[in-house]
Amino acid sequence: MEVMYQSTRSGEQKVTASQAILKGLADDGGLFVPDHIPALDVSLDEIAKMSYQETAYEVMKLFFTDFTEEELKNCINRAYDDKFDTKEIAPLVQKDEAYYLELFHGATIAFKDMALSILPHLLTTSAKKNKITNEIVILTATSGDTGKAALAGFADVEGTSIIVFYPKNGVSKIQERQMITQKGANTKVVGITGNFDDAQSGVKAMFNNKELAEAMNSKGYQFSSANSINVGRLVPQVVYYVYAYTRLLGRGEIAEGEAVNFVVPTGNFGNILAAFYAKNMGIPVGKLICASNDNKVLFDFFETGVYDKNREFILTTSPSMDILISSNLERLIYRIAGEDAKATADMMNELSTSGVYTITPEMKKQLQDFVGGWADEEKTAAEIKQVYENAGYVMDTHTAVASAVYRDYKKRTGDTVKTVIASTASPYKFATSVMTAINDKYEGMDDFALIDELSKVSGVSIPKAVEEIRSAPVLHDTVCETADMQKTVEKILGL
Ligand SMILES: *Cc1c(COP(=O)(O)O)cnc(C)c1O
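Conventions and cut-offs
- Residues numbered from 1 in each chain as written.
- Predicted model: local features only at pLDDT ≥ 70, side-chain atom pairs only at ≥ 80, totals over all residues.
- Heavy atoms only, no water.
- Helix = DSSP H or I, 4+ residues; strand = E, 2+ residues; numbered from the N terminus.
- Expected span 1.5 Å × (residues − 1).
- Buried < 20%, exposed > 50% of the residue type's maximum accessible area, 1.4 Å probe, protein only.
- Phe/Tyr/Trp six-rings, centres within 6.5 Å; stacked < 30°, edge-to-face > 60°.
- Contact = heavy atoms within 4.5 Å.
- Arc of directions from axis to C-beta.

### Thoughts on helix α12 (residues 270-281)
- Taking 1.5 Å of rise per residue, 12 residues should cover 16 Å, and α12 covers 17 Å from first to last C-alpha, within 8% of that figure.
- A large share of α12 lies buried, amounting to 10 of its 12 residues.
- All of the buried residues in α12 are Gly270, Asn271, Ile272, Leu273, Ala274, Ala275, Phe276, Tyr277, Ala278 and Met281.
- Gly282, located one to two residues past α12, shows a positive phi value of around 125°.

What follows is the structure, encoded as structure tokens:
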């Protein structure tokens, strides 16, 4: 049965999957949602025997129904190849009473690779299907991580180019080196003199500039975004939850029909929403545990039914979760509002005007699948140390937030259901925070020196992605004033 996509803010317009991927955001500012969540049509026992790529096909074919089998398999095979450092793509390892689903074996050693390695192929295939001949120009502002994952995903993908703006003095040394050493004839990385907000505003202004769009079109270009609200990023994330469950089944760790919990370190709510979709496709799930750091807007929301972003923004050692507006939550709101687009639009409107909205008691009742939890900086560091000492396993700060939240949850509830923790970054990506959590003698040492120490204590060899940036030549050195971002784009594209 065909799955069509509609906006969370007005029910009328329905588009195909490929159109939703191309558009990213709906015209009314809403997010595209599937008109129903399809059920898996092969048994979990069968999936248990499949590879990651085969599992990906079984999940994605049900959501992207206007793609042919050949198109979809092509996208999957180009995405999940030897860019990943393990054939399993997303290994599931058991350590210290939980299972860690390692989503960091791709090009940039963080979970964004799971979706950003396939999005470029979904986009170019969608363009072809919709008879778009323009080259797609991806424009991104980044505070560090997403920019690199997008660059790696789009590098040398035919029919696309990518321009990434980052705050020249606002990213870590490792993050900057990762970006400015990026290979690929179609990649451009530009530092700006302003901060991340300036970069983001500049990119938004270009997206909304009609004259620029016309000038681009006449030269055979059009903009698109690799934003995390694109369904082309959300659906590929459903795959690894189906994969994790069926690995447990295949290994005989769980019986048929036995539920598992998933714990997800959450920022924009994309990753955990994918777990919710997996449950709706037929995966037996107990609780979906939403883990936050000090920026615990979501924890408060699950407790009270009030979403309130009016609070201090706290910088933590898990920066990818330092978020006060979790954009993908809108898709869950729409769902628990009974797919009421008007009600959803009203709440999102309140969020943008006053920064607060409250869901109804009926809506709150439908959140029973979810449990919120949070861990502060001290707890997070203690978790890294404890799991290292108990199990010799070194985890990154984001994963540690989830792991600490699970420890608390288990103690509080006595829930013994087998539990999978989404492990969203390699510890190598956050070497300083990780190593100082293990032992304060590492304080003050530089990131690159700590990488060698991390390799020694963890026994895990240094990932290619880290090794490469130490020696790779700098290929991008453009810096511009914030006010000149558009001029820079025009120059790059020869407008
Ligand atoms: C993006 C990110 C998250 C948060 O994921 P969401 O889908 O935004 O909730 C968690 N950990 C890491 C390492 C990330 O890069």
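### With respect to the packing of aromatic side chains
- Enumeration over the complete set of coordinates arrives at 17 aromatic pairs.
- Seen from their ring centres, Tyr52 and Tyr80 are 5.2 Å apart, and the 70° between their planes marks the pair as edge-to-face. One end of the pair, Tyr52, is in helix α3 (residues 52-63); the other, Tyr80, is in the loop between α4 (69-79) and β4 (92-95), and 28 residues separate them in sequence. Here Tyr52 matches Tyr80 in class, with each residue buried.
- Pairing Tyr100 with Tyr393 gives two aromatic rings, centres 5.2 Å apart and planes at 45°, and the pair type is tilted. Taken as a pair, Tyr100 in strand β5 (residues 98-102) and Tyr393 in the loop between α17 (377-391) and α18 (397-413) lie far apart in primary sequence, 293 residues in all.
- Classification of Tyr100 by relative accessible area gives buried; the value is 1%.
- When its relative accessible area of 10% is taken as the criterion, Tyr393 is described as buried.
- A network of ring pairs unites the aromatic residues Phe269, Phe276, Phe301, Phe302, Tyr307, Tyr357 and Phe370 as a single cluster.

### Notes on the side chain of Thr488
- Here Thr488 lies in helix α22 (residues 485-493).
- Classification of Thr488 as buried rests on a relative accessible area of 12%.
- Setting aside chain neighbours within four positions, we find Thr488 in contact with Val190, Thr478 and Cys480.

### A look at helix α19 (residues 431-438)
- Among all positions of α19, only Ala431, Val434, Met435, Ala437 and Ile438 are buried. Along the axis of α19, the buried residues cluster in a sector spanning 155°; they form a single face.
- The inward-facing, buried residues of α19 abut α17, α18 and α20 (447-458).

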